[in-house]
Amino acid sequence: MATVESIPVAPPNEYYEIRAIPGKGYGCFALKAIKRGTRILADDPLLVVPMANYMQRDIQEAFEKLSPEQKAQYFTLHSGHGQDARKWPSRIHESVAEQERQRIQEQHQARIGKEPTLISIFQINCMEMDQGAAVFPHAARFNHNCNPNACFTWNSAIGKETIHAMSDISSGEEVTISYCDMVHDKKLRSWELKHYGFVCDCRACGEDEDDESTFAYQSATRRFRLQELERETRFLRGSRLECGAREEGFVKKLLEMAALHQQEGDYTARLATVFLDMALVCEFNKDIRMAALTAAKAVQVKKDCQGADFAEYAKYAAVLARLNAKLAERKA
Ligand SMILES: C[S@@+](CC[C@H](N)C(=O)[O-])C[C@H]1O[C@@H](n2cnc3c(N)ncnc32)[C@H](O)[C@@H]1O
């Protein structure tokens, strides 16, 4: 039970404070109106595990390197222990290799254990970092929403985890991020969130998806269509974008994807890639005016969600500069 004295403190900042929320532990609340694109937090890693398929011993090894204060800070974080074993599969398929089997068992024991452990804290607080994962003590205080108002990124250029506002946030509103892929449907999201030990009660999860008048219905429809469009365009993007440029209806599909992401409030780097691909396809098809317009949108979204100091941002800015130069040449 949280007491006033035990409430964790946010790092000195003008944007948010930490408050207790019944049933959710703590959460982060806006101290004032925050504009989309604002960097709310840039957090240093506390405990780093340099591989994705980490074992208990890897967390232990990283933990041993911490100072006594850092070790104590780690154990103030929320833990995913105390879950009901009956809600998890009781067997591991025989085809699973020995090392992975051990990994699954370690994770499972941590979840159903009675006390917080290194793993039970790591598994619900870690975020991707380079080829592995890390716990960021302040970023770890942001709760989940399937339609969040903020997003997080590991920014290797500055060596920090950043949290940016993805929409305009009102004073007093909880600042949330998504722990799962925003395109996933409710069933998959609930499985992903089960690993964190909670059932999401956001509008997209809590309302009746079969009732056309609800946000949940609209959201489910958008996510379903986005999945379809991702499947249809998967092999026409990235290094195969020139094939996409030649495909009839491809730009229309990218436009639809961009619209759906925006309607869903998903102003993440994924939306930036859709705008960038649109710009490159338009450039390929010699529609420079449209290309420059969509490149400007890509740059804006990229900057808003990750910042101009994010390494990949320079690539986006370079595309826009090239297109603007082409436009200027045409006008001259
Ligand atoms: C990374 S921590 C977030 C901060 C945490 N609430 C705290 O008190 O430090 C993740 C844990 O917070 C809780 N949590 C996050 N989002 C939630 C939500 N939407 N509903 C209920 N619990 C949530 C769950 O216990 C989850 O395992």
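As recorded in an unreviewed UniProt entry, the protein chain goes by SET domain-containing protein and comes from Ampelomyces quisqualis.

1. Topic: the overall build of the protein chain
Tallying secondary structure elements over the protein chain gives twelve helices and ten strands in all. Relative to the globule expectation of 20 Å for 332 residues, the C-alpha radius of gyration of the protein chain, 22 Å, shows essentially globular dimensions. The 332 residues of the protein chain split such that 45% are buried. Restricting the contact set of the protein chain to residue pairs at least 6 apart, pairs at least 24 apart contribute 65%. Here the protein chain contributes 44 positive and 47 negative side-chain charges, whose respective centroids are spaced 3 Å apart.

2. Here's the deal with the packing of aromatic side chains
In this structure the tally under the stated criterion is nine aromatic pairs. Ring plane angle 35 degrees and centroid distance 5.8 Å describe the contact between F136 and W154, whose orientation is recorded as tilted. Separated by 18 residues along the polypeptide, F136 in the loop between β6 (132-135) and β7 (143-144) and W154 in strand β8 (residues 150-155) bring together distant segments of the chain. A connected cluster of aromatic rings, assembled from ring pairs, spans F63, Y74 and F75. Here R103 stacks its cationic end above the ring of Y54, 5.2 Å away from the centre of that ring. The ring of W88 carries the charged tip of K194 above its face, separated from the ring centre by 4.6 Å.

3. Points about the site of the ligand
Taken together, the neighbourhood of the ligand is formed by 14 residues, with K24, Y26, R141, N143 and Y196 sitting nearest. Within the backbone of Y196, one N or O atom sits 2.7 Å away from an oxygen atom of the ligand. Coverage of the ligand by the protein chains reaches 95% of its 560 Å² of free accessible surface. Listed by contribution, the elements that provide at least two residues to the shell around the ligand are β2 (25-30), α4 (118-125) and β7. Broken down by class, the residue content of the shell around the ligand amounts to seven nonpolar, five polar and two charged.

4. Description of the sheet that holds strand β4 (residues 47-49)
Here three strands make up an open sheet; going across it, the order is β4-β6-β5 and the pairing antiparallel. Each edge of the open sheet is held by one strand with a lone partner, namely β4 and β5 (126-129). Ignoring which end each strand starts from, the neighbouring axes of this sheet average 30 degrees apart. Its contacts with the sheet put α4 on β4, β5 and β6, and the angle it makes with β6 is roughly 105 degrees.

5. Here's the deal with the environment of V96
Tracing the backbone through its elements, the reader meets V96 in the loop between α2 (68-74) and α3 (98-112). The class for V96 is partly exposed, based on a relative accessible area of 23%. Non-local contacts of V96, meaning those with residues more than four positions away in its chain, are made with R101 and I104.

What counts and what doesn't
- Residues numbered from 1 in each chain as written.
- Predicted model: local features only at pLDDT ≥ 70, side-chain atom pairs only at ≥ 80, totals over all residues.
- Heavy atoms only, no water.
- Helix = DSSP H or I, 4+ residues; strand = E, 2+ residues; numbered from the N terminus.
- Rg over C-alpha atoms; globule rule 2.2 N^0.38 Å.
- Buried < 20%, exposed > 50% of the residue type's maximum accessible area, 1.4 Å probe, protein only.
- Contact = heavy atoms within 4.5 Å.
- Lys, Arg positive; Asp, Glu negative; His and termini not counted.
- Charge placed at Lys NZ, Arg CZ, Asp CG, Glu CD.
- Phe/Tyr/Trp six-rings, centres within 6.5 Å; stacked < 30°, edge-to-face > 60°.
- Lys NZ or Arg CZ within 6 Å of the ring centre and 35° of its normal.
- Near = heavy atom within 4 Å.
- Polar contact = N/O pair within 3.5 Å; in protein donor to acceptor, adjacent residues only side chain to side chain.
- Areas by Shrake-Rupley, 256 points an atom, 1.4 Å probe, with all protein chains shown as cover.
- Nonpolar A, V, L, I, M, F, W, Y, C, P; charged D, E, K, R; others polar.
- Pairing = 2+ DSSP bridges.
- Axes fitted to C-alpha atoms, helices over the stretch in contact; angles between N-to-C directions.

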